[in-house]
Amino acid sequence: MNHFDYQDGVLFAEGVSIPRIAADVGTPFYCYSTATIERHYTVLAESLAAAGLKATICFACKANPNLAVIRTLSRLGAGADVVSEGELRRALAAGVPAERIVFSGVGKTRDELAFAIESGIMQINVESEPELLMLSELATAAGREIEVAIRVNPDVDANTHAKITTGKKENKFGIEWTRVREVYAIARALPGLVPVAVACHIGSQLTEIGPFREAFLRLRDLVQVLRSDGTDIRRLDLGGGLGVPYDGETPPSPAAYAGAIAETLGDLGCSVLVEPGRLLVGNAGLLVSSVVRVKTGATRTFVVVDAAMNDLMRPALYDAYHAIHPVTEPSAEVEAVPVDIVGPVCETGDTFARQRPLPPVQAGDLLVFATAGAYGAAMASTYNSRPLVPEVMVNGNRFAVVRVRPSYEEMIAFDRLPDWQSDTKTGQ
Ligand SMILES: *Cc1c(COP(=O)(O)O)cnc(C)c1O
């Protein structure tokens, strides 16, 4: 469910027409719908409450770290799951209270951990023994006690794309199942640390409930064992991963997900953290692009657009599917013909869709890539020296640019010529 609809033949985001924003901002740009983000959060929060769970939803900021997006969620009561100091600083800047922030990630540096301790966040999810030792040392030096979870690797196959599977024993994430008790014992003994939680995150874009259930049942056994060892487990961090429909998939509903949590873990007396990213923002965003030209090749027609793999990397990275729609509603009589939709970047991988049926388009027409709110702008780069793509947020009849497009001058100004070149004609 989202708030992007055709009204009188033109695509709108809530109460604002896409062509109006395009005229103002220029293309390409990302467009987010506040009402859609709010709805996803509310449906999930209500499902968790209805299942009788005491749950906090920590938005996985890596899916979309724009301050306005984080703030939309934090105003509804969301916390944040962060994986770097940059994300932690963004969450704090967007107004997420420190006591609702969890810090995950396999490679947190000493400086990042020290900053997290200083910020007083709720929980740090530790992924290795050396990290545990470093955290203890830093917490002790700061005179603090830090609540920690150990991220466990339950060795469960999430049945998703290999690049976003994280809970198998060959993946780099978490502590392997067989060593978990030992590591909790170390955590209990170390000064400055209070092990209160167990964390797991088995992957992203899961479209079945089975792998979640399997992981939760393993956690259940683990909590009982850890308690018998003397660790006071009070909180369960269940990660994110619930999928969204890109191409007709039918992922489990938030109610089914909440039901599976309640059924497997509900009687342990723990509070629950969930860390959804994609679920909250995936279909709350579009990437809007203009057709640059239509090129007829030897065997196929290429629709060349002004968005590229640097703006939306998922098709190149994961062979991901995004539905592509014209902003002007095609009439029912017009026949769609298969075309390749490509960007201007000098890589064959800069192809958004191959042989995709599309109504005839011409230069200047606007197209949108659907379900681009998660891992879209977040992964954008300036490859081919294309300025970072701007982001727009719509709220009812209003819209605002929530990240500006840098000018070419600003983009180039990050570079410096070394002093031995500064006498050249182009030197500064
Ligand atoms: C990426 C990630 C998430 C969010 O995953 P989604 O599939 O977007 O819900 C949650 N927790 C951790 C630890 C992650 O790395």
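None of the values given here were measured: they were computed from a predicted structure.

Conventions we followed
Residues numbered from 1 in each chain as written. Predicted model: local features only at pLDDT ≥ 70, side-chain atom pairs only at ≥ 80, totals over all residues. Heavy atoms only, no water. UniProt positions renumbered as here; feature names shortened; annotations may be inferred. Helix = DSSP H or I, 4+ residues; strand = E, 2+ residues; numbered from the N terminus. Buried < 20%, exposed > 50% of the residue type's maximum accessible area, 1.4 Å probe, protein only. Contact = heavy atoms within 4.5 Å. Pairing = 2+ DSSP bridges. Axes fitted to C-alpha atoms, helices over the stretch in contact; angles between N-to-C directions. Parallel < 35°, antiparallel > 145°, perpendicular 65-115°, else oblique. Left-handed = near helix turned anticlockwise from the far one by under 90°. Nonpolar A, V, L, I, M, F, W, Y, C, P; charged D, E, K, R; others polar. Near = heavy atom within 4 Å. Polar contact = N/O pair within 3.5 Å; in protein donor to acceptor, adjacent residues only side chain to side chain. Areas by Shrake-Rupley, 256 points an atom, 1.4 Å probe, with all protein chains shown as cover.

### Let's talk about the UniProt feature "active site" (unreviewed entry) in the protein
Feature annotation in UniProt places "active site" (unreviewed entry) on Cys346, given in this structure's numbering. Take Cys346: it is sitting in the loop between strand S17 (337-342) and strand S18 (351-358). Among the residues examined, Cys346 registers a relative accessible area of 66% and is labelled exposed. Setting aside anything within four residues of it in sequence, one finds Cys346 in contact with Tyr383 and Asn384.

### Focus: the pairing of strand S21 (residues 398-403)
Sheet analysis places strand S20 (residues 391-395) next to S21, joined by 5 bridges and oriented antiparallel. When the bridges of S21 are listed, Val394 appears paired with Phe399. Between S20 and S21, which pair antiparallel one after the other, the connecting turn spans 2 residues, and Gly396 there sits at a positive phi close to 65°.

### What about the packing of helix H2 (residues 34-50) against helix H3 (residues 67-74)?
Each pair of packed helices gets described by two things: the angle between the helix axes and the distance between those axes. For the pair H2 and H3, interaxial distance at closest approach is 10 Å and the crossing angle is 45°. As summarised for this structure, H2 and H3 are arranged oblique, according to the angle between their axes. Here H2 and H3 pass one another in a crossing that is right-handed. On the side of H2, the interface is formed by Thr34, Ile37, Glu38 and Tyr41, while H3 contributes Val69, Thr72 and Leu73. Residue composition of the contact of H2 with H3, grouped by class: 4 nonpolar, 2 polar and 1 charged.

### Section: the sheet that holds strand S1 (residues 4-7)
Across the sheet, 3 strands lie side by side as S1-S2-S3; this open sheet has antiparallel pairing. The sheet is open, and its two borders are formed by S1 and strand S3 (16-17), each paired with just one other strand. In the sheet, S1 pairs with strand S2 (residues 10-13) via 4 bridges, with the strands oriented antiparallel. The residue bridging Gln7 from the neighbouring strand is Val10, located in S2.

### Points about the site of the ligand
Near the ligand you find 15 residues, and of these Lys62, Ser204, Glu275, Arg278 and Tyr375 are the closest. Between the ligand and Lys62 there is a distance of 2.8 Å, counted from an oxygen atom to a side-chain nitrogen or oxygen. Within the contact set of the ligand, a nitrogen atom lies 2.6 Å away from a side-chain nitrogen or oxygen of Glu275. Taking 390 Å² as the accessible area of the ligand by itself, protein coverage stands at 93%. Grouping the constituent residues of the shell around the ligand by class yields 3 nonpolar, 7 polar and 5 charged.

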